[in-house]
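Secondary and tertiary structure notes
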Amino acid sequence: MLTKRFKKNAIKVAMFGLGLPLAAYVQAAQTVEGVVQKADSGVVLAGAAVKVKETGQQVFTDASGRFVLRNLTTDQVTLEINYIGLPVVTQTVQTSNNQNLTIQLDDLERLTVVGQRQAQNKALNLYRASDSITNFIASDDMGQFVDQNVAESLQRLAGTSISRDQGEGRFVSIRGISAGLSNVTVNGMRIGTPEGSSRAVPLDVIPTGSIEGISVTKAPTPDMAGDAIGGAVDVKSASAFDRDGAQLRYRAEGSYNELSGDTSPKFSVNASDVFSLSGDKKDFGVSFGLNYLDRKLESDNQEAEYDMVDFGDDEAFALLELQQRKYFVNRERIGSNLNLEYRPDNNNKYFLNTVFSRFSDAETRQRSIYVFEEGTLTDFDGEQATVSELAPDAVRKRIRYRTKEQDTLAVSLGGDHIQDSYNLDYYAGVSITKERVLDENEGRFEFDGDELEATYTIGRGVPRFNILRNGVADTTHLDNANYVLDRAVLEPIKVDDNEYNLGANLELPYFAGNSNFTLKTGVDLRWKDKDTNSDITELRSVPDALLSEFTGPTPKYGLGNLGQGVSSSRYIQFFNQNRADFNARPRDQVANQLTELGEDFVADENVQAAYLMGTYDGDNWRLIAGARVERTDYSATGNQLELDEEGDLTISQRTASSDYTNVLPGLHFHYELAEDLMLRAAWTNTIARPSFNDISPRASIDVEENEVSLGNPELDPYEAMNYDLMLDWYYGEGSLVSAGIFYKDIDNFIVEQTRNDVPEFAGFDVTMPINALGASVKGLEFNVQHSFSNEMLRGFLVGANMTLLDTELAVPDRAGESFSLPESAEKAGNLFLGYENDVFSARASLSYRDKFLSEVGDSAMYDIYVAEHTQVDITASYKLSKNLELVTELVNLTDEPLELYQGNKNYNFQYEEYGMTVAFGVKGKF
């Protein structure tokens, strides 16, 4: 089916097409082409502006440093090459015999540009050269970034913020849009996600050791994928041709976590070289990288839940439950990349790129749970409470161990050809992603003693409580000997996400003889299959065991008294040795079938896309207009679960399918107000496909809580119309001031709706995703980067950015109310101060994110928010020799916690501390 915006957008596309300048025939003339590189290192320079002084004709060098100037009508021209951070170079060339130039830019008369300054200049040049509205992060001269992984690097850009897991950046939100509504590629090849409930790619699985650059496109041109309501992230690994000859780069360090007290190793090595396959020219490049991280960390967590409870003859908003959690985590990352390139000449390139990442997360979680609602609230003034008759089984301890492994392999190959009359590139690739959690096992224990009492304090942030017996402080609940084994819960997960990609692009400069007009067209085909198998099995017939049999060292816990420690290894050993005695009770058979089968599904998604795009260059402006068409075919198979009035379960197969076509017109306009002042405007249309979990035919049924969670195969894709206006002032060497405004009008925004009138599940609260009426995002972006050039401050760099958002979302269950988009912070910003000279480099970074809505509840008092977050990091290095530097890093210097709250900040929902991490090591290159 065509989307409801098809007619409106088709008319606009036609108008833009009619508005393009008519082609006028121009006699073919000479062509000059070449490569721009640094004189001292031979490194190619992407994003350098190459201008013909006589006519003003200008092009930018591509990722390989290449440029082509066509339709030159004179025998001699003067070229002006401008690269931010290096002196402008002019060179006179004869068009008849200068077909392959090598132009070198020299910075010997200035401060040597290395490290932070070099990385900043690379990113600025790429930004200036981009047709789309795209921000860049580039590695320094050591091929390295400040941050541990791709997610944490991306938080430094204007308009982006990250969510964290165990203190580490994981998912990236672009302009207030959830990470699942953006796409992620590695070297242009899409990678899948092991996440079942979202399309969001966990970027912490990609270390930065082998990465050359990262880009975030916020307003894509029609030749880019359309599923980018938030944006598109591309991670680029290093090419051997980015360096001059053989090079080996290394980094090794140990990091100390304040909370765990452990030291963790990390190292990376990257090697590259170019060889000659034929003749004297070095035309074959090999680049290889290997990264390893073995990090041990801990976190202290407390989680609370609030609701209305009985209080005398009335009800009161009180504390239902409080959990104390201690996490022991061992994260191991192994990453590698191998890039092969063949460049027989400057005009032809063939490549094979591979990236592999293995992320292993071994986690032990010890929990103490206090269910206060199972007692009697006898005294309460809104903050101070007394609970009597607290049942013994309302006090619980649990120990869980699981190992999560996520593997990502992306392989892409293709070619790129620049000819006198056309440019052609083509590609094919495959991405194989999987997640395995095969050993998750939680032992659940209950207090075995007399009734207890409790007091607690809420409404003042993090809740505090005391356990009493007969009005006197009690410690028996801290003794493992007073807990008996109640059940074991197993939760294995298998997710496979495979994607195959094939495409080509053809560009025709000076189309129909018009020297100002370029026509581009292409196709992009993708095939994706996803298999999710998530099982939850409760084994409630268990052998007799006391928790004291598994007592381990008492953990450090900064949020209260967690009691004695519990050894997960002892518990797992006991479970394995007595496996035959752990069984499901007969009456639990139906409940286990529901949790074992309800979330499983197999899905296939095929996307066929094509586009047509025209570019017209005026004297000091550029207009890009075109449209992209994407057709999506989706099919899935899951399990149909039905409970009759007697509680008997019927299981059958359920299939679902859908198809839809989206027409996505776009218009980009660049106007050079002055030589250093650029205005960019864009009108784009983008989509986001529903997550596989949302659109799959699944059904999760909780019999005890009378709750059902369903997928909805009838969902429509998100559709967004986007407007952007940006003003960039390149006011000095390596310096930029940028300001922009943007607006997104989103249709079919997907939210969850809960109903209790679904005939198939009478008596159950049924939650399922639906398409809401719409949503909108208004925003302002500011970015400043400054490199000092005067003698007193030379070597200093400073930068700051800020994003301000105003988002709105209507939720059917809360008619008449307006909400901000989930994961959308009203304010986010970054500030950095750097300094470097020939031997020393240092950088202090501050990252700030305002609070944001995480989950919409039944009413305002049940909405969940993530509190504001401010993190300070410092990195420094000192060069001992040409090949050796000492490095140090201080991460989360202020020990910023993760904090969530329910309703308002007085009612803390989750509080988690990670501690500061300090790292020392060495790096260098040969």
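Residues numbered from 1 in each chain as written. Predicted model: local features only at pLDDT ≥ 70, side-chain atom pairs only at ≥ 80, totals over all residues. Heavy atoms only, no water.

**A few points about the overall build of the chain**
To keep things clear, this is the line we draw: A run of DSSP states H or I qualifies as a helix once it reaches four residues; a run of E qualifies as a strand once it reaches two. Both are numbered from the N-terminal end. Only the C-alpha atoms count toward the radius of gyration. The rule for a globule is 2.2 Å times the residue count to the power 0.38. Three labels apply to residues, based on accessible area from a 1.4 Å probe with only protein chains included: buried if under 20% of the type maximum, exposed if over 50%, partly exposed otherwise in between. Here, two residues are considered to be in contact whenever any of their heavy atoms come within 4.5 Å of each other. Here the open area of atoms and residues is found with the Shrake-Rupley method and a 1.4 Å probe, where only the protein chains shown may cover a residue. By the counting scheme adopted, Arg and Lys are positive, Glu and Asp are negative, and His together with the chain ends is not counted. A charge is said to be at NZ when it belongs to Lys, at CZ for Arg, at CG for Asp and at CD for Glu.
When its secondary structure is counted, the chain shows 6 helices and 54 strands. Relative to a compact globule of 926 residues, whose C-alpha radius of gyration would be 29 Å, the chain shows 30 Å and is just as compact. Expressed as lengths along the three principal axes of its C-alpha atoms, the size of the chain is roughly 100 × 65 × 50 Å. Split into buried and exposed, the 926 residues of the chain put 57% on the buried side. Pairs at least 24 apart in sequence give 70% of the contacts found in the chain among residues at least 6 apart. Carbon and sulfur atoms make up 52% of the accessible area of the chain, which totals about 37,200 Å². Positive and negative charge centroids in the chain, built from 84 and 142 side chains respectively, lie 6 Å apart.

**Examining the sheet that holds strand E2 (residues 49–52)**
Let me state the cut-off plainly: Two strands qualify as a pair provided that DSSP identifies no fewer than 2 bridges between them. Inter-axis angles, ranging from 0 to 180 degrees, are taken between N-to-C directions of lines fitted to C-alpha atoms, where helices are fitted over the stretch in contact.
Strand order in the open sheet formed by 4 strands is E3-E2-E5-E6, with antiparallel pairing between adjacent strands. Where the open sheet ends on each side, the last strands, each with one partner, are strand E3 (58–60) and strand E6 (89–94). Sheet twist, expressed as the average angle between the axes of neighbouring strands with direction ignored, equals 25 degrees. Note: E2 against strand E5 (residues 76–82), 4 bridges, orientation antiparallel. Counterpart to Val50 in the pairing with E5 is Ile81.

**So, the pattern of salt bridges**
Put simply, the test is: Counted as salt bridges are all cases of a side-chain nitrogen of Lys or Arg within 4 Å of a carboxyl oxygen of Asp or Glu.
Scanning the model with the defined rule gives 60 salt bridges in all. Salt bridges here are not isolated pairs; linked through shared partners, they connect Arg190, Asp227, Asp497, Glu499, Asp524, Arg526, Lys528, Lys530, Arg628, Glu630 and Arg689.

**Re the environment of Thr637**
With respect to the helices and strands, Thr637 occurs in strand E35 (residues 621–643). Looking at Thr637, the relative accessible area reads 29%, which means it is partly exposed. Between the alpha carbons of Thr637 and Asp604 there is a distance of 9.2 Å; along the sequence they are 33 residues apart. Among residues more than four places away in sequence, those in contact with Thr637 are Asp600, Phe601, Val602, Gln653, Arg654, Thr655 and Pro697.

**Details of the pairing of strand E40 (residues 718–732)**
Of the pairings in the sheet, the one linking strand E37 (residues 677–688) to E40 comprises 12 bridges and is antiparallel in character. Within E40, the position partnered with Leu677 by the bridge is Trp729. Here E40 runs beside strand E41 (residues 735–747); their pairing, made up of 12 bridges, is antiparallel. When the sheet's bridge partners are listed, Leu727 is paired in E41 with Ala739. What sits between the antiparallel neighbours E40 and E41 is a turn of 2 residues, in which Gly734 has the positive phi angle 65 degrees.

**Notes on helix H2 (residues 115–129)**
Residues spaced three or four apart along an α-helix point in a common direction, a consequence of the helix completing one turn every 3.6 residues. Here is the rule: Here, expected helix span is obtained from the residue count minus one, scaled by 1.5 Å.
Given a rise of 1.5 Å per residue, 15 residues ought to cover 21 Å, and the 22 Å separating the end C-alpha atoms of H2 matches this to within 8%. The buried fraction of H2 amounts to 14 of the 15 residues, a majority that puts the element mostly inside the structure.

**A look at the environment of Thr875**
The cut-off we apply is this: Polar contacts here mean pairs of N or O atoms no more than 3.5 Å apart (in protein, one a potential hydrogen donor and the other a potential acceptor; neighbouring residues in sequence count only if both atoms are side-chain atoms).
Following the sequence through the fold, Thr875 ends up in strand E50 (residues 869–881). With 817 residues separating them in the primary sequence, Thr875 and Gln58 have C-alpha atoms 39 Å apart. Engagement of the side chain of Thr875 in a polar contact is seen with the backbone oxygen of Thr888, the distance being 3.4 Å.

**Let's talk about the nonpolar core**
So the rule is basically this: By convention a nonpolar core is built from buried Ala, Val, Leu, Ile, Met, Phe, Trp, Tyr and Cys residues, the set being connected through side-chain atoms within 4.5 Å.
The biggest cluster of nonpolar side chains holds 44 residues, and the ones touching the most others in it are Leu319, Phe372, Leu377, Phe445, Tyr456, Phe550 and Tyr571. Broken down by element, the residue count for this core peaks at 6 residues, all from strand E18 (residues 314–345). Discounting residues that sit within four places of it in the chain, Leu377 has contacts with Val309, Asp310, Phe311, Ala318, Ala385, Thr386, Val387 and Tyr456. In this structure, Ile177, Leu181, Phe749 and Val766 belong to the second largest nonpolar core, which totals 37 residues.

**Some points on a nonpolar patch on the surface**
For the record, the criterion: Each patch groups residues whose relative accessible area exceeds 30% and which form no salt bridge, using 9 Å between like charges and 5 Å between nonpolar side chains of Val, Leu, Ile, Met, Phe, Trp and Tyr.
A contiguous nonpolar surface patch, about 460 Å² in accessible area, is contributed by Leu725, Ile741, Leu780, Phe782, Met802 and Leu804. Among the secondary structure elements, those contributing two or more residues to the nonpolar patch are strand E44 (774–787) and strand E45 (796–809).

**Thoughts on the sheet that holds strand E21 (residues 384–390)**
Taken together, 5 strands build an open sheet; the order of strands is E20-E21-E25-E26-E27 and the sheet is antiparallel. The sheet is open, and its two borders are formed by strand E20 (376–380) and strand E27 (472–473), each paired with just one other strand. In this sheet, strand E25 (residues 452–457) lies alongside E21 in antiparallel orientation, the contact comprising 5 bridges. In the sheet register, Gln384 faces E25, and the bridge partner there is Thr457.

**Examining the side chain of Ser431**
Relative to the elements of secondary structure, Ser431 occurs in strand E23 (residues 423–437). Exposure remark for Ser431: the relative accessible area of 1% places this residue in the buried category. Here Arg190 takes part through its backbone oxygen, which lies 3.5 Å from a polar atom of the side chain of Ser431.

**Observations regarding a negative patch on the surface**
On the surface, Glu305, Glu373, Asp702, Glu705, Glu707, Asp765, Asp813 and Asp858 cluster together into a patch of negative charge. Within the secondary structure, Glu373 sits in the loop between strand E19 (348–371) and E20. The partly exposed category is assigned to Glu373, whose relative accessible area is 48%.

**Some thoughts on the pairing of E50**
In the sheet, strand E47 (residues 840–849) pairs with E50 via 10 bridges, with the strands oriented antiparallel. Bridging across to E50, Arg849 finds its partner in His869. Both E50 and strand E51 (residues 884–891) contribute to a ladder of 7 bridges, which runs antiparallel. Bridging across to E51, Tyr878 finds its partner in Leu886. Hairpin connection of E50 to E51: 2 residues between the antiparallel strands.

**What about the packing of aromatic side chains?**
Remark: the centre distance and the inter-plane angle together describe each pair of aromatic rings, the angle taken between the planes. This is how the line gets drawn: Aromatic pairs are defined between Phe, Tyr and Trp rings, using the six-membered ring for Trp, whenever the two ring centres lie within 6.5 Å; interplanar angles under 30 degrees are classed as stacked, those over 60 as edge-to-face, and all others as tilted. A ring has a charge above it when a Lys NZ or an Arg CZ is no more than 6 Å from the ring centre and no more than 35 degrees off the ring normal.
Taken as a whole and assessed by the stated rule, the structure comprises 29 aromatic pairs. Between Phe574 and Phe582, the aromatic rings sit 6.2 Å apart at their centres with planes inclined by 80 degrees, giving edge-to-face as the arrangement. Judged by relative accessible area, Phe574 falls into the buried class, the value being 13%. Ring centres of Tyr718 and Phe749 lie 5.3 Å apart, and the angle between their planes is 85 degrees; this geometry places the pair in the edge-to-face category. Of this pair, Tyr718 sits in strand E40 while Phe749 sits in the loop between E41 and strand E42 (750–755), and the two are 31 residues apart along the sequence. Across this residue pair, the class does not change: Tyr718 and Phe749 are buried. Pairwise contacts between aromatic rings join Phe445, Phe550, Tyr571, Phe574, Phe575 and Phe582 into one cluster. A cation over an aromatic ring shows up here: Arg175 above the ring of Phe742, its NZ or CZ 3.9 Å from the ring centre. Sitting over the ring of Phe328, Lys326 keeps its end group 5.7 Å from the ring centre.

**Notes on unusual backbone geometry**
Trans peptide bonds make up most of the peptide bonds, and negative phi angles are found at most residues other than glycine. The backbone phi angle of Asn470 is positive, close to 55 degrees, even though this residue is not glycine. Summarising the element assignment, Asn470 is placed in the loop between strand E26 (464–469) and E27. Within the chain, Ala512 stands out as a residue other than glycine whose phi angle is a positive 60 degrees. Turning to its location among the elements, Ala512 is positioned in the loop between strand E29 (493–508) and strand E30 (517–534).

These results come straight from atomic positions and should not be treated as a statement about function.
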